[in-house]
Number of protein chains: 2
Amino acid sequence: MDLPKDMVAASATPLILAILNNADSYGYDIIAQVKGLSDGEMQWADGMLYPIMHRLEKKELITSYWGQSETGRKRKYYQITSIGQESLISLTNNWRKLNDMLQNLVGENNV
Amino acid sequence: MDLPKDMVAASATPLILAILNNADSYGYDIIAQVKGLSDGEMQWADGMLYPIMHRLEKKELITSYWGQSETGRKRKYYQITSIGQESLISLTNNWRKLNDMLQNLVGENNV
DNA sequence: AACCATACCTAGAACATCTAGGTATAAAGA
DNA sequence: TCTTTATACCTAGATGTTCTAGGTATGGTT
């Protein structure tokens, strides 16, 4: 896909929230899910994800708790909050509106 | 709409390119078009637009030329380049893909 | 003359991402 | 038991960007 940075930035938050809205998850798994959802086109580096997670936590869109993998390795699980769910709805609507605007505008003159 | 900054940023470039792809235009008119297209929900400040135009010009996605309004006031018109058109296609496709991903993901669990 | 709307511009604050490093540990294999 | 690999998390700071808050200029209107 080779996304411009600003699109990566703008899509990261809603994608993360949408994933957590389906089920609690942790850093490495979120990266794996995004990779899967995008057919391998989006491959986030972990160092890019964690600062975003921390920011989302600070904004209280998500919370975290320590858990363990089956093998005993510790993991930090993230859970969406009700504020996060509201934000997800709003972000998703904005994405749809902007996408519609853009597609219509471009469609007019069949680029 | 009350868009987060990163979404404003990510949508500004494709919107501007799409508008110029329909017809050459100038700063104030682009702002007016965006306002119209969004039903008044997106109101860009001019001071926000010009730096973006200059950056797009630097990247050679658009070019500019001086013209005049009917009343004689000078205007800087912008025109999309072929690089800009390619970029517009790519950006529009990326927007559609990301939007599809997001809507599907959210739709699954009817937020 | 004064004011308003149009029209463009820039410096720098503010903010966020993302690179490039780092730590730690379980499992596997030699 | 030692090394390697994969998993798992973290942060400082460079980098890049938007956007605010200023500014200039001018034609039309009162």
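An unreviewed UniProt entry lists chain A under the name PadR family transcriptional regulator, from Thalassotalea eurytherma.

Draft legend 1. Looking closely at the interface of chain A and chain B. Across the boundary between the two partners, chain A contributes 33 residues, which contact 32 residues of chain B. Those elements giving two or more residues to the side of chain A that touches chain B turn out to be helix H1 (5-22) and helix H4 (82-108) of chain A. Element by element, the count of residues in the side of chain A that touches chain B is highest for H4 of chain A, at 16 residues. Here the side of chain A that touches chain B is composed, by residue class, of 19 nonpolar, 10 polar and 4 charged.

Draft legend 2. Molecular detail of the sheet that holds strand E1 (residues 25-26) of chain B. Residue and element names in this part refer to chain B. Taken in spatial order, the 3 strands make up an open sheet running E1-E3-E2, and their pairing is antiparallel. Of all strands in the sheet, those bounded by a partner on one side alone are E1 and strand E2 (62-68). Bridging between E1 and strand E3 (residues 74-80) involves 2 bridges; their strand directions are antiparallel. Residue pairing across strands places Ser-25 opposite Tyr-78, the latter belonging to E3. Where helix H1 (residues 5-22) meets the sheet, its contacts fall on E1, E2 and E3, and the angle it forms with E3 comes to roughly 95°.

Draft legend 3. The protein's contact with DNA strand D, seen in detail. The environment of DNA strand D is formed by 25 residues, the closest being Tyr-26, Gly-27 and Gly-47 of chain A together with Ala-9 and Gly-47 of chain B. The set of elements that each furnish at least two residues to the surface near DNA strand D consists of helix H2 (27-37), helix H3 (46-58) and strand E3 (74-80) of chain A together with H1 and helix H3 (46-58) of chain B. Residues that form the surface near DNA strand D fall into these classes: 11 nonpolar, 7 polar and 7 charged.

Draft legend 4. A look at the nonpolar core. Counting 50 residues, the largest nonpolar core has Leu-17, Ala-18 and Leu-102 of chain A together with Leu-17, Ala-18 and Leu-102 of chain B as its most contacted members. Apart from the residues lying within four places of it in its own chain, the contact partners of Leu-102 of chain B are Pro-14, Leu-15, Ala-18, Thr-92 and Trp-95 of chain A.

Draft legend 5. View of the sheet that holds strand E1 (residues 25-26) of chain A. All names here are of chain A. Judged by pairing direction, the sheet is antiparallel, and its 3 strands sit side by side in the order E1-E3-E2 without closing on themselves. Both edges of this open sheet fall to E1 and strand E2 (62-68), since each of them pairs with a single strand only. One ladder, built from 7 bridges, connects E2 with E3; its direction is antiparallel. Of the residues in E3, the one forming a bridge with Tyr-65 is Tyr-77.

Draft legend 6. The arrangement of the protein's contact with DNA strand C in detail. Neighbouring DNA strand C are 25 residues; Gly-47 and Thr-71 of chain A together with Tyr-26, Gly-27 and Gly-47 of chain B lie closest to it. When the residues that make up the surface near DNA strand C are grouped by side-chain class, the tally is 11 nonpolar, 7 polar and 7 charged.

Draft legend 7. Examining the packing of H1 of chain A against H1 of chain B more closely. Between H1 of chain A and H1 of chain B, whose axes approach to 8 Å, the crossing angle comes to 140°. Taken together, the axis directions place H1 of chain A and H1 of chain B in an arrangement best described as oblique. The two elements H1 of chain A and H1 of chain B meet at a crossing, and its hand is left-handed. Contact with H1 of chain A, carried on its side by Asp-6, Met-7, Ala-9 and Ala-10 of chain A, involves Asp-6, Met-7, Ala-9 and Ala-10 of chain B of H1 of chain B and no other residues of that element. Each residue belonging to the contact of H1 of chain A with H1 of chain B can be placed in one class, and the counts come to 6 nonpolar, no polar and 2 charged.

Draft legend 8. Region of the structure containing the packing of helix H2 (residues 27-37) of chain B against H3 of chain B. Residues and elements named next belong to chain B. Between H2 and H3, the shortest axis-to-axis distance is 10 Å and the interhelical angle comes to 115°. On the basis of their axis angle, the class for H2 and H3 is roughly perpendicular. Between H2 and H3 the crossing geometry is right-handed. Between H2 and H3, the contacting residues are Gly-27, Tyr-28, Ile-30 and Ile-31 on the first element and Asp-46, Leu-49, Tyr-50 and Met-53 on the second. Residue composition of the contact of H2 with H3, by class: 6 nonpolar, 1 polar and 1 charged.

Draft legend 9. Representation of the environment of Met-42 of chain A. For Met-42 of chain A, the position within the fold is in the loop between H2 and H3. Residues Met-42 of chain A and Leu-3 of chain A lie 39 residues apart in sequence; the distance between their C-alpha atoms is 8.4 Å.

Conventions adopted
Residues numbered from 1 in each chain as written. Chains lettered and ligands numbered in written order. Predicted model: local features only at pLDDT ≥ 70, side-chain atom pairs only at ≥ 80, totals over all residues. Contact = placed C-beta atoms within 7 Å. Helix = DSSP H or I, 4+ residues; strand = E, 2+ residues; numbered from the N terminus. Nonpolar A, V, L, I, M, F, W, Y, C, P; charged D, E, K, R; others polar. Pairing = 2+ DSSP bridges. Axes fitted to C-alpha atoms, helices over the stretch in contact; angles between N-to-C directions. Near = placed C-beta within 6 Å. Core = buried A, V, L, I, M, F, W, Y, C linked by C-beta atoms within 7 Å. Buried ≥ 20, exposed ≤ 12 C-beta atoms within 10 Å, placed from the backbone. Parallel < 35°, antiparallel > 145°, perpendicular 65-115°, else oblique. Left-handed = near helix turned anticlockwise from the far one by under 90°.

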